Number of protein chains: 2
Amino acid sequence: MRPSKRDELVQKALKIFYRRGFHATGMDKLVAETGISKTSMYKHFRTKEELILAALRLRDQQFRNWLTRRIEELAKAPEERLLAVFDALDEWFHQDDYASCMFIKAASEYQDQGHPIRATSAEHKRLLADYLHDLAGKAGAGDPDKLARQLLLLVEGAIVTAYLLGPDGVSGDARAAAAAIIDRSLANGCLPTK
Amino acid sequence: MRPSKRDELVQKALKIFYRRGFHATGMDKLVAETGISKTSMYKHFRTKEELILAALRLRDQQFRNWLTRRIEELAKAPEERLLAVFDALDEWFHQDDYASCMFIKAASEYQDQGHPIRATSAEHKRLLADYLHDLAGKAGAGDPDKLARQLLLLVEGAIVTAYLLGPDGVSGDARAAAAAIIDRSLANGCLPTK
DNA sequence: GACAAACTGTACCGTTCGGTACATATAAAA
DNA sequence: TTTTATATGTACCGAACGGTACAGTTTGTC
């Protein structure tokens with residue numbers, strides 16, 4: 001069974017929304033760029049918002065899937081994986097179609113508290129934080145909650161900075177900063193571990 | 001001389017754009033919410049984009065002004081000011097109308113390379129980085145460039161995370177992470193300074 | 001080949017978009 | 001008081017917005 005027209009639509013819409021933005025992308029533009037008729041679109045999704053939500057759900061799945069897989073390839077030991085996070089991000093930042101994080105942008109355009117698009121974006125970040133927490137725990141962090149939250153700050157900061165000021169060096173800085181806070185968390189400060 | 005109608009417009013438009021977004025805010029909405037006639041608006045600004053740019057320039061000025069002033073109030077010694085950055089941010093995050101960074105959101109909506117709105121947003125971040133660099137230098141950091149770039153990551157990460165996951169604790173985490181990387185920069189690692 | 005499901009093209013709906021035309025009002029400066 | 005600059009209200013422009021109606025075409029299945 002070939003990929004359904006529905007999946008094809010979501011996949012293509014995802015790329016277009018990512019590249020052009022949500023409000024700035026009209027349904028007619030989606031018709032023109034996907035080659036899928038508007039009638040079909042509204043057969044699969046009752047509103048533009050539902051299509052956006054489907055695109056965000058797909059993005060969440062694809063992105064976290066890629067990130068975790070890449071990190072597992074790049075490093076084996078948990079402490080090393082905490083740093084490999086930023087090596088994976090570096091690859092992302094240097095893709096020529098890199099344009100920040102889709103969820104940060106979605107939450108920027110749909111700011112109402114409790115709006116499904118904003119809620120979905122927040123959930124994505126929570127899942128990302130959970131993954132970092134998992135890594136931090138396996139690495140033997142003294143306070144994995146805290147370490148994960150601190151690393152998340154570096155991840156988000158790197159994403160935004162790589163977009164606004166360019167990708168070069170950002171991951172390296174984030175990695176170095178991460179090393180500092182990881183050292184603190186694992187060694188409980190500058191005291192020798194024994 | 002009273003504040004000109006033009007300044008009043010930019011000030012009010014700034015708040016509305018910040019709260020509702022750029023594409024989502026039509027000129028008619030601005031007329032309704034500011035009480036300023038559309039004719040006047042287009043006498044002062046030839047396009048909506050020019051009005052947005054004026055609002056961003058005002059925001060840049062107001063925000064950096066507030067931030068630096070607040071930091072100078074909160075701490076006197078340069079090393080302490082590097083940490084006070086996050087105390088000031090914490091106050092911002094807990095304002096009930098906090099809605100992330102206007103420039104991150106602007107760059108999210110106007111993604112074209114070289115678009116004036118995106119360029120203005122990038123410039124704001126560059127100026128923020130310059131300020132951090134200045135503080136880092138005065139604090140005697142070994143590599144003020146690097147420290148400033150790392151702190152900027154924490155600042156941006158805190159802004160985004162406070163918006164998406166809520167303000168509580170974010171600044172504390174950022175502050176703790178900042179302390180770790182500042183210690184490294186000032187002491188050149190865990191080695192004693194002498 | 002028949003049938004149903006899925007997809008397409010086009011025309012259209014009311015609304016809103018950014019932006020303009022124009023005639024009127026207000027208010028300070030001369 | 002007349003002038004001049006600046007504000008206003010309203011009506012409007014063509015285009016694009018999200019979304020619908022409907023008739024016709026392709027597609028896989030029995």
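As a starting point, this report considers the structure included with it.

How each quantity is defined
- Residues numbered from 1 in each chain as written.
- Chains lettered and ligands numbered in written order.
- Predicted model: local features only at pLDDT ≥ 70, side-chain atom pairs only at ≥ 80, totals over all residues.
- Heavy atoms only, no water.
- Contact = heavy atoms within 4.5 Å.
- Buried area = accessible area lost by both parts, 1.4 Å probe.
- Salt bridge = Lys/Arg side-chain N within 4 Å of Asp/Glu carboxyl O.
- Polar contact = N/O pair within 3.5 Å; in protein donor to acceptor, adjacent residues only side chain to side chain.
- Helix = DSSP H or I, 4+ residues; strand = E, 2+ residues; numbered from the N terminus.
- Axes fitted to C-alpha atoms, helices over the stretch in contact; angles between N-to-C directions.
- Parallel < 35°, antiparallel > 145°, perpendicular 65-115°, else oblique.
- Left-handed = near helix turned anticlockwise from the far one by under 90°.
- Nonpolar A, V, L, I, M, F, W, Y, C, P; charged D, E, K, R; others polar.
- Near = heavy atom within 4 Å.
- Core = buried A, V, L, I, M, F, W, Y, C linked by side-chain atoms within 4.5 Å.
- Buried < 20%, exposed > 50% of the residue type's maximum accessible area, 1.4 Å probe, protein only.
- 1 Å grid on protein atoms, 1.4 Å probe; cavity = no way out; pocket = protein on both sides within 12 Å on 5 of 7 lines; lining within 4 Å.
- Points joined across faces, edges and corners; volume = space filled by probe spheres on them.
- Phe/Tyr/Trp six-rings, centres within 6.5 Å; stacked < 30°, edge-to-face > 60°.

With that settled, consider the interface of chain A and chain B. Listed per partner, the contact involves 44 residues of chain A and 45 residues of chain B. Between chain A and chain B the total buried area reaches about 3600 Å² when both faces are included, carbon and sulfur atoms providing 64% of it. On the chain A side of the interface with chain B, the three residues burying the most area are Q111(A), L153(A) and L164(A), jointly 19% of the side's total. Of the charged contacts, one joins D173(A) and R149(B) as a salt bridge, the two residues approaching to 2.6 Å between their closest N and O atoms. At the junction of chain A and chain B, the tally comes to twelve residue pairs in polar contact (both at pLDDT 80 or more). Residue assignment for the side of chain A that touches chain B shows that the elements contributing at least two residues are α1 (5–20), α6 (102–109), α7 (116–138), α8 (144–164) and α9 (170–187) of chain A. Of all the elements, α8(A) adds the most residues to the side of chain A that touches chain B, at 13 residues.

Now for the packing of helix α5 (residues 78–93) of chain A against α8(A). Residues and elements named next belong to chain A. One way to put it is that α5 packs onto α8 with a least axis distance of 11 Å and a crossing angle of 15°. Classified by the angle between their axes, α5 and α8 sit roughly parallel to one another. Regarding α5 and α8, the two cross each other, and that crossing is right-handed. Residue-level contacts link L82, V85, F86, L89, W92 and F93 of α5 to L147, L151, L154, V155, A158, I159 and A162 of α8. Among the residues making up the contact of α5 with α8, the classes are represented as 13 nonpolar, no polar and no charged.

Now for the packing of helix α4 (residues 48–74) of chain A against α5(A). Residues and elements named next belong to chain A. Taken N-terminus to C-terminus, the directions of α4 and α5 make an angle of 120°; their axes are 8 Å apart at the nearest point. When the interaxial angle is binned, α4 and α5 end up oblique. Along this stretch, α4 crosses α5, giving a crossing that reads as right-handed. The segment α4 lies against α5, with R59, F63, W66, L67, R70, I71, E72 and L74 engaging R81, A84, V85, D87, A88, L89, E91 and W92.

Turning next to the protein's contact with DNA strand C. Taken together, 16 residues surround DNA strand C, and among them K5(A), T39(A), M27(B), K38(B) and K48(B) come closest. Of all atoms in DNA strand C that approach within 4 Å of the protein, 54% are sugar or phosphate atoms. Taking S37(A), its side chain carries an N or O atom lying 3.2 Å from a phosphate oxygen of DNA strand C. Separating a phosphate oxygen of DNA strand C from a side-chain N or O atom of H44(A) is a distance of 3.2 Å. Only α3 (38–44) of chain A together with α2 (27–34) and α3 (38–44) of chain B provide two or more residues apiece to the surface near DNA strand C. For the surface near DNA strand C, the residue count by class is three nonpolar, nine polar and four charged.

In the region of DNA strand D, 16 residues are neighbours, and M27(A), K38(A), K48(A), K5(B) and T39(B) sit closest. Protein-proximal atoms of DNA strand D, defined as those within 4 Å of the protein, fall in sugar or phosphate at a share of 54%. At a separation of 3.0 Å, a phosphate oxygen of DNA strand D approaches a polar side-chain atom of Y42(A). Those elements giving two or more residues to the surface near DNA strand D turn out to be α3 of chain A together with α3 of chain B. Residue classes in the surface near DNA strand D are distributed as three nonpolar, nine polar and four charged.

Attention now moves to the nonpolar core. Among the nonpolar cores identified, the biggest contains 146 residues, and L151(A) and L151(B) are the most heavily contacted of them. Discounting residues that sit within four places of it in the chain, L151(A) has contacts with L82(A), F86(A), L132(A), A178(A), I181(A) and I182(A).

Space inside the largest pocket adds up to approximately 790 Å³. Taken together, 31 residues make up the lining of the largest pocket; nearest its centre are Y18(B), D96(B), D97(B), Y98(B) and A99(B). Secondary-structure elements contributing two or more residues to the lining of the largest pocket are α7 of chain A together with α1 (5–20), α4 (48–74), α5 (78–93) and α8 (144–165) of chain B. Among the elements that line the lining of the largest pocket, the one with the most residues is α1(B), at five residues. Each residue belonging to the lining of the largest pocket can be placed in one class, and the counts come to 15 nonpolar, eight polar and eight charged. Reported here for the second largest pocket is a volume of approximately 680 Å³. Ranked by residue count, the leading element in the lining of the second largest pocket is α1(A), at five residues.

All names here are of chain B. Per the counting criterion, the structure on display carries 14 aromatic pairs over all chains. A ring pair is formed by F63 and W66, whose centres lie 6.1 Å apart and whose planes are at 45°; its orientation type is tilted. With F63 and W66 both in helix α4 and three residues apart, the pair spans about one turn of that helix. Residue classification places F63 among the buried residues on the basis of a relative accessible area of 9%. The exposure class of W66 is partly exposed, given its relative accessible area of 28%.

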